[in-house]
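# Structural description and commentary
Okay, here's what each chain looks like letter by letter:
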Amino acid sequence: MAAPLDDMFSRCVDPGKTSNCVEVRFIDNVKGKGLFAKKPFKKGDTIFIEQPLVCAQFLWNALYKYRACDYCLRALETAEQNARRLSGLPGLSLPHPELCKVRPELHQACPHCQVMYCSSECRQAAWEQYHQVLCLGPSREDPDHPINKLQDAWRNAHYPPETSSIMLMARMVAVVKQAQDKGRWQRLFSHFCSRAANEQEEIAHKLLGEKFQGQLALLRNLLTTALYDDHLSQWFTPEGFRSLFALVGTNGQGIGTSSLSQWVHACDALELPHQQREQLDAFIDQLYKDIDKETGDFLNCEGSGLYLLQSSCNHSCVPNAEASFPDNNFLLHLSALSDIRPGEEICISYLDCCQRDRSRHSRHKILRENYLFVCSCQKCMSQMDDADVTSEDEDEGEGETEGDDMEDEMTDV
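Within every chain, residues take consecutive numbers counted from 1 along the sequence as written. Given that the model is predicted, a residue must reach a pLDDT of at least 70 before its local features are reported, and side-chain atom pairs must reach 80 or more before they are shown or counted; all residues, however, enter totals for whole chains, interfaces and linings. Hydrogen atoms and water are omitted, and side-chain values are computed over all heavy atoms in the structure.

This part is about the pairing of strand 14 (residues 332-336). Only protein chains enter the accessibility calculation, which uses a 1.4 Å probe; a residue is then buried when its area is under 20% of its type maximum, exposed when over 50%, and partly exposed in between. Secondary structure elements are defined from DSSP: runs of H or I of at least 4 residues count as helices, runs of E of at least 2 residues count as strands, and each element is numbered from the N terminus. Across the 5 residues that make up strand 14, a large majority, 5, are buried. With burial as the criterion, each face of strand 14 is covered, one bearing Leu332, Leu334 and Ala336 and the other bearing His333 and Ser335. When DSSP finds two or more bridges between two strands, those strands count as paired. Sheet analysis places strand 4 (residues 46-50) next to strand 14, joined by 4 bridges and oriented antiparallel. From the neighbouring strand, Ile49 faces strand 14, where its bridge partner is His333.

Attention now goes to the side chain of Thr257. Tracing the chain through its elements places Thr257 in strand 10 (residues 253-257). Definition of a polar contact: a pair of N or O atoms within 3.5 Å, with one able to donate and the other able to accept a hydrogen when the atoms are protein atoms, and with sequence-neighbouring residues admitted only if both atoms are side-chain atoms. Within the structure, Thr257 has its side chain in polar contact with the backbone oxygen of Leu73 (distance 2.7 Å). In what follows, residue pairs with any heavy atoms lying within 4.5 Å of each other are defined as contacts. Aside from chain neighbours lying at most four places away, what touches Thr257 is Leu73, Arg74, Ala75, Asn300, Cys301, Asn328 and Asn329.

Another point: the pattern of salt bridges. Salt bridges are counted wherever a side-chain nitrogen of Lys or Arg sits within 4 Å of a carboxyl oxygen of Asp or Glu. Applying the stated rule across the entire model yields 7 salt bridges. Linking Asp70 and Arg171 is a salt bridge whose minimum nitrogen-to-oxygen distance equals 2.9 Å. Of this pair, Asp70 sits in the loop between helix 3 (59-63) and helix 4 (79-87) while Arg171 sits in helix 7 (residues 166-178); the two residues are 101 residues apart in sequence, bridging distant segments of the chain. With its nearest N and O atoms 3.7 Å apart, the salt bridge here joins Glu344 to Arg341.

What follows deals with the sheet that holds strand 11 (residues 301-306). Taken in spatial order, the 3 strands make up an open sheet running 5-11-10, and their pairing is antiparallel. Strands with a single pairing partner mark the edges of an open sheet, and in this sheet they are strand 5 (54-57) and strand 10. Averaged over neighbouring strand pairs, the angle between their axes works out to 30° when direction is ignored. The pairing of strand 10 with strand 11 spans 5 bridges and is antiparallel. Angles here are taken between N-to-C directions and fall from 0 to 180 degrees, while the axes themselves are lines fitted to C-alpha atoms, restricted in helices to the stretch in contact.

Along its 15 residues, helix 5 (residues 120-134) runs just 18 Å from first to last C-alpha, ending more than 12% under the 21 Å computed at 1.5 Å per residue. Each residue is assigned a bend, namely the angle between axes fitted to the seven residues that terminate at it and the seven residues that start at it. Of all the bends found along helix 5, the most pronounced is centred on Glu128 and spans about 70°. Contact partners of the buried residues in helix 5: strand 7 (116-117), helix 6 (146-157), helix 7, helix 8 (182-190) and helix 9 (213-227). For a helix, the expected span equals 1.5 Å multiplied by the residue count minus one.

Pasting the structure below:
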């Protein structure tokens, strides 16, 4: 039976489109719910645009001076500032600077703690939703403040590349603490899968095993000290914290924003004479070579968010939809990768392109450890008779990390 997309979705989804386009249905006790098309979509169509209930920038990302709006994660550096920092070339000048959409004159800081926002609207929205609880005021640089101690413990437990954040959990708590209708927000968060283990398959989330009990206990104690609330007492128990941790680890959708990337896309769209086009393309190619040499793969302001509709999308190793962030903020655009018929399930991939090219055995290993299920998509079913051989590239990765300690394992939350 279709779950109604009532007012609980209106806050986070492009209004007027969603209920006419998609619906959430319960499938079975193994897969749970899924997202289905109510109308036909052509390849390239935007299926919906969704705002997260909460999101947060990764802590290491912020520490390394990737400046993003604390509310919507919009990059705060101009494209030129971004290019200079990433390339290590402080005198670099970008052609066509007018194509940069960042407007520093609109940026605003919280008057109490100086956290930065891209606009007065974002500053106000953050204050009304969660920031009253999380604002550190003059204690922002105090290492003994409970929230700073929580952030420091997370950074020590989860080295880059990050794929989750303790601050996503902190903002969930803060949202409920500030809300007048606390029950509504608790119901919204209850829509996310929060299993710490999959009993049918006898598999547990890999970061909730005995090896990491000490780190999880420390994080729970620090979160409790910083943000305990009677209305959420179940989240602060050992088992409740494990479920909350699993919820964030399983449902958190990565968000990446970049003023430089947005500028490059705008350059690509320019209509230029042939020689000017060649010169601009050569400049951009050299810039990315310089960035690769200086910075490597870490190009974006990165964080994660909890999206109600997107989290209802099941995985397929041959997805018919994908998420992107073309507005350079937290708005998730779900787009069709192929034609989708009415009644057809909309599936995304929880794996990146390289992971999807691995063997069936390798793909299942990643999905079991991080998402607690065994995939039975069309591709996996067609490869059922393949030998259970781990892909060569994963063999190399396992050889490097076997026997490593907490920080290496935690990068795969």
